[in-house]
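Residue strings, one per chain:
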Amino acid sequence: TQVTDVGAQALAGACPNLTWISFSSTQVADVGAAACPNLTTIHLDNTQVTDVGAQALAAGCPNLTSIGLSNTQVTDVGAQALAGACPNLTEIWPSQHASHRRLDAADEGGARPDLDIYSVSGEEQGDGEGGMAAEHQ
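Please read all numbers here as calculations on a predicted model, not as lab measurements. (Residues numbered from 1 in each chain as written. Predicted model: local features only at pLDDT ≥ 70, side-chain atom pairs only at ≥ 80, totals over all residues. Heavy atoms only, no water.)

Draft legend 1. Region of the structure containing the overall build of the protein chain. Across its full length, the protein chain holds 4 helices and 5 strands. Scanning the protein chain from its N terminus toward the C terminus, one meets helices and strands in the order α-β-β-α-β-α-β-α-β. Counting the 137 residues in the protein chain, one finds 43% classified as buried. Sequence-distant contacts in the protein chain: of pairs separated by 6 or more residues, those separated by 24 or more amount to 48%. Here the protein chain has roughly 6,500 Å² of accessible surface; of this, 53% comes from carbon and sulfur atoms. (Helix = DSSP H or I, 4+ residues; strand = E, 2+ residues; numbered from the N terminus. Buried < 20%, exposed > 50% of the residue type's maximum accessible area, 1.4 Å probe, protein only. Contact = heavy atoms within 4.5 Å. Areas by Shrake-Rupley, 256 points an atom, 1.4 Å probe, with all protein chains shown as cover.)

Draft legend 2. Fine view of the environment of D5. Mapping D5 onto the fold places it in helix α1 (residues 5-14). Relative accessible area serves as the criterion here: at 15%, D5 is assigned to the buried category. Spatially, the C-alpha atoms of D5 and A34 are 9.8 Å apart, while their sequence positions differ by 29 residues. With sequence-adjacent residues up to four places away left out, D5 is seen in contact with V28, A29, D30, V31 and G32. A distance of 2.8 Å separates the side chain of D5 from the backbone nitrogen of A29, its partner in a polar contact. (Polar contact = N/O pair within 3.5 Å; in protein donor to acceptor, adjacent residues only side chain to side chain.)

Draft legend 3. Structural detail: the nonpolar core. Ranked by internal contacts, the top residues of the largest apolar core, which has 25 residues, are L39, I42, L44, L64, I67, L82 and L89. Taken together, the elements giving at least two residues each to this core come down to α1, α2 (51-60) and α3 (76-85). Element by element, the count of residues in this core is highest for α2, at 3 residues. (Core = buried A, V, L, I, M, F, W, Y, C linked by side-chain atoms within 4.5 Å.)

Distances and angles like these do not, on their own, reveal function.
Written out as structure tokens, the structure is:
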């Protein structure tokens, strides 16, 4: 669709209690919905989001529990920022640019045993104990 960062920012500003949103396959990039403190789920699959956007989400959306990043430009840097800043995060669907090994290594010592890291194919890659999502859209 034609939704861009401008539209996403307007939506975030107009809906401060927003808890779930999908910007998948839109023109949203790094600014998007980074200022939604009540947001728990966001799908950014097939967008131009980079580590800058992931870090902005980490800073502005501390209550995230699930984030879809497949087919984005987010690397380990952005995924680790999310895992570190969002204590309730239990699911990351990372982009092909994120190394599951490096994300898992960042959690050595079991700091986030509740965090499941999925591959784009939907296979669980993390060591979390959370349930497998039936389908990722």
